[in-house]
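Structural features, examined
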Amino acid sequence: MEAQAQTQSALTHHVRQEVISGQAQYLGPLPATQPLRLDIVLPLRDQAGLDKFLRELGDPLSPSYRHFLTVSEFTTQFGPSEEDYNALTRYATSNGLSEVGGSRDGMDLQVEGPVAAIETAFNMHMGVYQHPTEDRTFYAPDREPTAGLPFPLWHISGLDNYSIPHPMLVRKSDYAKAHGIDPETLVSHATTGSGPSNSFLGSDMRAAYYGGTALTGAGQNLGLFEYAGTDLADLTTYFKNVKQTNNVPITLLSTDGTSTSCVYSRGRSGCDDTEQTLDMTQAIGMAPGLASLVMYIGSTDTAILSAMTTHSPLPTTIGCSWGWTPADASTDDPYFEQMAAQGQNFFVASGDYSTWKARGNAEAWPADDARIVSVGGTDLTTTGPGGAWASETAWADSGGGPSPDNIAIPSWQQISGVITSGNKGSTTLRNGPDVSANANFTFYVCADQTACTANEYGGTSFAAPMWAGYMALINQQAAMDRKTPLGFINPYIYLIGVGWSYSTAFHDITTGTSGSYSAVPGYDLVTGWGSPNGNGLIIALAQQ
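Just so it is clear, the structure is predicted and the values come from calculations on it, not from any experiment.

1. Some details on the overall build of the protein
- Helices and strands together make up the secondary structure of the protein, namely 15 helices and 29 strands.
- In terms of overall dimensions, the protein is globule-like: its C-alpha atoms have a radius of gyration of 23 Å, near the 24 Å expected for 544 residues.
- Principal axes of the C-alpha set define a box for the protein whose edges measure 70 × 55 × 45 Å.
- Out of the 544 residues in the protein, the part that is buried amounts to 60%.
- Considering only contacts within the protein whose residues lie at least 6 apart along the sequence, 76% involve residues at least 24 apart.
- Split by element, the accessible area of the protein, about 20100 Å² in all, is 51% carbon and sulfur.
- In the protein, 25 positive and 52 negative side-chain charges are present, and the distance between their average locations comes to 3 Å.

2. Focus on helix α5 (residues 115–122)
- Among the 8 residues in α5, 6 count as buried, and that is most of the element.
- All buried positions along α5 are accounted for by V115, A117, I118, E119, A121 and F122.
- The first or second residue beyond α5 is N123, which carries a positive phi of 55°.

3. A look at the nonpolar core
- Counting 73 residues, the largest nonpolar core has L293, W467, Y470 and F506 as the members making the most contacts within it.
- Top element by residues in this core is helix α12 (residues 460–480). It accounts for 10 residues.
- Core analysis: the next-biggest nonpolar cluster, separate from the first, contains 36 residues, W154, L305, M308 and F336 among them.

4. Digging into the state of the cysteines
- What the rule picks out here adds up to 2 disulfides.
- Each disulfide pairs two cysteine sulfurs, and for C262 the partner residue is C271, the sulfurs being separated by 2.0 Å. Across the disulfide from C262 to C271, rotation about the S-S bond amounts to roughly -105°, and the bridge is consequently left-handed. Assigned by exposure class, C262 and C271 land together as buried.
- Each disulfide pairs two cysteine sulfurs, and for C446 the partner residue is C452, the sulfurs being separated by 2.1 Å. Judged by the sign of its S-S torsion, about 110°, the bond between C446 and C452 is right-handed.
- Each bonded cysteine of the protein is numbered by sequence order, and under that numbering the disulfide pairs are 1-2, 3-4.
- For the unlinked cysteine C320, the closest cysteine sulfur is that of C271, found at 16 Å.

5. Thoughts on the pattern of salt bridges
- The full count for this structure, using the stated rule, is 9 salt bridges.
- D434 serves as the salt-bridge partner of R430, at 2.8 Å between the closest nitrogen and oxygen. Exposure class is identical for R430 and D434. Each is buried.
- Each of the salt bridges in this network shares a partner with another, and the network as a whole consists of D333, E337, D369 and R371.

6. Regarding the sheet that holds strand β9 (residues 155–157)
- Overall, antiparallel pairing links the 4 strands, which are arranged β4-β5-β3-β9 in an open sheet. Edge positions in the sheet fall to β4 (98–103) and β9, since each of these pairs with one other strand and no more. Averaged over all pairs of adjacent strands, the angle between strand axes in this sheet comes to 25°, irrespective of strand direction.
- The sheet strands contacting helix α4 (residues 82–94) are β3 (35–41), β4 and β5 (108–114), and the helix crosses β5 at an angle near 5°.
- The strands touched by α5 are β3, β5 and β9; relative to β5, the strand with the most contacts, the crossing angle is about 125°.

7. Brief notes about helix α9 (residues 274–286)
- Between the first and last C-alpha of α9 there are 18 Å, a value that for 13 residues agrees with the 18 Å anticipated at 1.5 Å per step.
- Of all 13 residues that make up α9, 13 are buried, and the element is covered over most of its length.

8. Focus: the pairing of strand β19 (residues 389–394)
- Pairing between strand β18 (residues 373–382) and β19: 5 bridges, direction antiparallel. Residue T382 lies in a different strand from β19, and its bridge partner there is W389.
- Between β18 and β19, which pair antiparallel in sequence order, lie 6 residues; one of them, G384, sits at a positive phi of approximately 160°.

9. Observations regarding the sheet that holds strand β7 (residues 137–141)
- In spatial order, the strands read β2-β6-β7; together these 3 strands make up an open sheet with antiparallel pairing. The open sheet has two edge strands, β2 (26–29) and β7, and neither has a second partner. When the angles between neighbouring strand axes are averaged without regard to direction, this sheet yields 30°.
- Relative to β7, strand β6 (residues 126–130) runs antiparallel, the two being bridged by 5 bridges. Of the residues in β7, the one forming a bridge with Y129 is F138.

10. Overview of the packing of aromatic side chains
- Scanning all chains against the criterion turns up 26 aromatic pairs.
- Relative to F488, the ring of W412 lies with its centre 6.0 Å away and its plane at 70°, an arrangement referred to as edge-to-face. One end of the pair, W412, is in the loop between β20 (401–402) and β21 (431–432); the other, F488, is in the loop between α12 and α13 (490–497), and 76 residues separate them in sequence.
- A relative accessible area of 8% places W412 in the buried class.
- Ring pairing ties together the aromatic residues F347, W412, W467, Y470, F488, Y494, Y502, F506, Y523 and W529, which thus form one cluster.

Cut-off values and rules
Residues numbered from 1 in each chain as written. Predicted model: local features only at pLDDT ≥ 70, side-chain atom pairs only at ≥ 80, totals over all residues. Heavy atoms only, no water. Helix = DSSP H or I, 4+ residues; strand = E, 2+ residues; numbered from the N terminus. Rg over C-alpha atoms; globule rule 2.2 N^0.38 Å. Buried < 20%, exposed > 50% of the residue type's maximum accessible area, 1.4 Å probe, protein only. Contact = heavy atoms within 4.5 Å. Areas by Shrake-Rupley, 256 points an atom, 1.4 Å probe, with all protein chains shown as cover. Lys, Arg positive; Asp, Glu negative; His and termini not counted. Charge placed at Lys NZ, Arg CZ, Asp CG, Glu CD. Core = buried A, V, L, I, M, F, W, Y, C linked by side-chain atoms within 4.5 Å. Disulfide = S-S within 2.5 Å. Salt bridge = Lys/Arg side-chain N within 4 Å of Asp/Glu carboxyl O. Pairing = 2+ DSSP bridges. Axes fitted to C-alpha atoms, helices over the stretch in contact; angles between N-to-C directions. Expected span 1.5 Å × (residues − 1). Phe/Tyr/Trp six-rings, centres within 6.5 Å; stacked < 30°, edge-to-face > 60°.

Spelled out as structure tokens, the structure:
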């Protein structure tokens, strides 16, 4: 059957527009013996049935309301069949590729092999090109991959390195130099945190945005999406320096053979774990009683997401502080839909370069996807070290705007009162962010086995793991109320935003501007609905 199968194209595209247009100069073929590792993703089965199930999952009148699927149940109903998965494995190995990872539950097969074998298996040629906007070369296919299988593939990750993932993190001195300004003008007020030089700790964010003691994230499993490993010695240094103790067990999990280690060096090959360490401090600071925190580390988005949607224990709340530009913006949709079906929330930093653009530093992906929670940035002041929320304005570089990836506006943004003439949102495209939290240059950070810094780093990188930690508090409360986890929260928070409980659930950020948009009463394209207002948002969500 496989030998007689017609050649079929993948359901997503892989060839970069820069290659198609000739904007990226072709320099020659990628060496035939060069090894590559790919992640081959199979499509969902019964997409219409999954769409129907997801609608019923959020409908209080449906018998399926908040009845989330287990990993095995999702595979049985919507994942690839065992026959198709085995056929893909045989096809890959028969073409000289070695199976090195992946799973049917994860909808992917990870393979490794030389370029020549990859070109033969997928009927295309791999070339080396001059990057049109960066001082480097990249490799990419010259045409869409096809395979001789009786079914189409969804996507093949790893066929190009045009877009290098980057953390949504900004160093104050670098930002000031790029803008020709004095670094000290970037923080207009004295910070009110518990750390050195009054910098904010993760525990300060918990005090400002939650303010209670009953909820700690107990029993909840949190995941962090990472494109590089870390050195846990830096996390130890952080807690030692601030005289706190970390009681959350941490696992470093390689999803595709990527090293979980990250040791800094001043050479170009050195690894920087600033992002990875701060993600942990912010998540743990918000939810210090988590049952587990897993760092899912990989080199391709699909490999990391495949692990996040199948790992045991399953992380019901996830933070991502990385951005990248995929060849196809729909690449990760099957995993985001699987998360929704399984009761998982994926919080993504909205970016640190103001209004979203299709290319460059202000790229939106994955923060403009309609199936994730997009987290913008604010400038927070508290009443003092470990004190309550005092005031908050929009952070001047919070990413947001209508989707530059042309992602259609979701139903929950079409609710009356969400998009207005005041916030200038799009009525046809997905708008972001959804929510926000502190992102100003006011944090204490330890990383790279060097001296820690105070009030030097900022970015929506800090805000996304904060919200992931806050979601753990929400799910803990649901468990205490003998309810299932809430699941994807955007439909609920938009109803709260236009409802009577908005003022007690959120801190509505109404001042400040970032790029083309300003904070206004209610929803806006700089801070979304705002930051969490203590236990008020937890109570409002518990009533859903």
